[in-house]
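Below, each chain spelled out in residue letters.
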Amino acid sequence: MKRVSILLALAALFVAGCNGGDQGAKTDNGTTGTAGTTGTTGSDTGGGKTFKITMIAKSSTNPVFLSARTGAEDAAKKLGPDYKTNVQIDWQTPDKEDGQVQAQNIQAAISQHSDAILISCSDAAKVTGAINDAVAAGIPVMTFDSDAPDSKRFAYYGVDDEETGKLVMDTLAKQIGGKGNVAILAGNQNAPNLQKRVKGVEDAAKAYPGIKIVDVVHHVETPEDASSAVVAEMNAHPDITAWAMVGGWPLFATSLLTEMPSRHVKVVSVDALPKELAYVDAGIAPELLAQPTYKWGYESVRIILDKCVAKKDVPVINKMDLVPVTKETLGSWARQLKEWGMDVDQKYLDMK
């Protein structure tokens, strides 16, 4: 009888250990392969299963992450019934970027027995240990937008950042005829996704002998701080003729709508949310490279449910494609944003 009891106890421990901790066939660098199919299935509330996803974005004041939150909450409502699960989105995002706070929020999610964690990493070095702790505790972790490839996260969803940076530079080069003094707006210098985008811009610039990279400008990722950083840089370097923005932070504010035309400066930027569309309409940003940030939330929740509830194999890397937004496509893109529940100026909705 003792032997039987011991075997039953070991079997129970084995099942518990498989509950969300298997990361599947992840390769050494975490960029290819297929994630495993194990994962938590939610807690039984008596009226059906509840599956809580703790969502930790970079900043609750950045509109791109607010749109991702909307996408996640929409996915919870629309997809939950398909998985016979009550999906809850637990938003635990710092007001401002802070990798240490993100790590603390992961630890809190562990103690609160979340069923999965979805995170955009402000500083991969600061959150990797906490991600691994969550996985060791049986809580699957997925990243979006900004990855932690050396962690035990099971999947990532977002753009290829180096390719994105190269596309920003190539697009800008066309707009300025392959000649000009270019500054790179780079955001948080510790964010791994932004570091890769900057590298992509710099590498692509080498193909254009008429283009000179004047400076790489880091800043706090708020519209006000980004706008101030842009103006300060142009005052320090009046010869700047164009900006390669790896994120559209200053375009969420209106101050550059008057500042840029007076300097005859052109912009190509990642992101194209409603407030940024004015820069396309004004001709300051002839082309924006839109990340469908709503999908960060929607698609990531779908992938998590596929793995953890439906027990499906899911890819480790799930690539998001950029959408070019120009004056010619402004109307159709505005209507897409509207469909995603965003507040869009009617004049853009009325465009062809």
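These lines cover the structure that appears in this document, whether it is placed above or below. (Residues numbered from 1 in each chain as written. Predicted model: local features only at pLDDT ≥ 70, side-chain atom pairs only at ≥ 80, totals over all residues. Heavy atoms only, no water.)

### Thoughts on the overall build of the protein chain
Formally: Starting at the N terminus, helices and strands are each numbered in turn, a helix being any DSSP run of H or I of at least four residues and a strand any DSSP run of E of at least two. Each residue gets one of three labels from its accessible area relative to the maximum for its type: buried under 20%, exposed over 50%, partly exposed in between, using a 1.4 Å probe on protein chains only. Whether two residues are in contact is decided by their heavy atoms, any of which lying within 4.5 Å being enough. For the area figures, the Shrake-Rupley method with a 1.4 Å probe applies, and any residue is considered shielded solely by the protein chains shown.
When you go through the protein chain residue by residue, the secondary structure sums to 12 helices and 15 strands. Residue burial in the protein chain is summarised as follows: out of 352 residues, 54% are buried. Residue pairs at least 24 apart in sequence account for 71% of intrachain contacts in the protein chain once pairs closer than 6 positions are excluded. Total accessible area on the protein chain stands at roughly 15100 Å², and carbon and sulfur atoms take up 52% of it.

### Focus: unusual backbone geometry
Not every positive phi belongs to a glycine, and Lys-84 is a case in point at roughly 55°. Structurally, Lys-84 can be placed in the loop between α2 (63–79) and β4 (85–91). Phi at His-113 is positive, roughly 60°, even though this residue is not glycine. Among the structural elements, His-113 can be located in the loop between α3 (99–111) and β5 (116–119). A residue is classified by how much of its surface remains accessible, and His-113, at 65% relative accessible area, is exposed.

### Focus: the environment of Asn-86
Structurally, Asn-86 is set in strand β4. The spacing of Asn-86 and Lys-49 is 37 residues in sequence and 5.9 Å in space, taken between C-alpha atoms. Apart from residues no more than four positions distant in its own chain, Asn-86 is found in contact with Lys-49, Thr-50 and Phe-51.

### Looking at the packing of helix α5 (residues 161–175) against helix α6 (residues 192–205)
Just so we agree on the cut-off: Axis lines are fitted to C-alpha atoms, over the contacting stretch for helices. Their N-to-C directions set the angle, which ranges from 0 to 180 degrees. Working definition: roughly parallel below 35 degrees, roughly antiparallel above 145 degrees, roughly perpendicular at 65 to 115 degrees, and oblique for all remaining angles. By definition, turning the near helix anticlockwise from the far helix through less than a right angle yields a left-handed crossing, and turning it clockwise yields a right-handed one. Under the scheme applied, nonpolar residues are Ala, Val, Leu, Ile, Met, Phe, Trp, Tyr, Cys and Pro; charged residues are Asp, Glu, Lys and Arg; polar residues are all the others, including Gly.
Contact geometry for α5 and α6: axes closest at 6 Å, N-to-C directions at 45°. Taken together, α5 and α6 sit at an angle that is classed as oblique. Taken as a pair, α5 and α6 cross one another with a handedness that is right-handed. Mapping the contact onto sequence places Asp-161, Glu-162, Thr-164, Gly-165, Lys-166, Val-168, Met-169 and Asp-170 in α5 and Asn-193, Lys-196, Arg-197, Lys-199, Gly-200, Val-201, Asp-203, Ala-204 and Ala-205 in α6. Broken down by class, the residue content of the contact of α5 with α6 amounts to 5 nonpolar, 4 polar and 8 charged.

### Re the sheet that holds strand β12 (residues 287–290)
Keep this limit in mind: At least two DSSP bridges between two strands are required for those strands to pair.
Here 6 strands make up an open sheet; going across it, the order is β9-β8-β10-β11-β12-β15 and the pairing mixed. Sheet topology places β9 (211–218) and β15 (323–325) at the edges, where each strand pairs with a single neighbour. When the angles between neighbouring strand axes are averaged without regard to direction, this sheet yields 20°. Direction of pairing for strand β8 (residues 180–187) relative to β9: parallel, over a ladder of 7 bridges. By the bridge assignment for β9, Leu-185 is matched with Val-217. Packed onto the sheet, α6 meets β8, β9, β10 (242–245) and β11 (266–270) and runs at close to 165° relative to β8.

### Considerations on helix α10 (residues 293–308)
Think of an α-helix as turning once every 3.6 residues; residues three or four places apart then point the same way. Convention followed: The length a helix should cover is 1.5 Å for every residue beyond the first.
The terminal C-alpha atoms of α10 lie 23 Å apart, and with 16 residues this matches the ideal 22 Å at 1.5 Å per residue to within 8%. Burial of α10 is extensive: 13 of the 16 residues sit out of reach of the surface.

### Examining the packing of α2 against α10
As a packed pair, α2 and α10 sit with axes 6 Å apart at the nearest point and diverge in direction by 40°. The orientation of α2 relative to α10 falls into the category oblique. Of the two possible hands of crossing, α2 and α10 adopt the one that is right-handed. Contacts between α2 and α10 involve Val-64, Phe-65, Ser-67, Ala-68, Thr-70, Gly-71, Ala-72, Asp-74, Ala-75, Ala-76, Lys-78 and Leu-79 on the former and, on the latter, Thr-293, Tyr-294, Trp-296, Gly-297, Tyr-298, Val-301, Arg-302 and Leu-305. Residue classes in the contact of α2 with α10 are distributed as 12 nonpolar, 5 polar and 3 charged.

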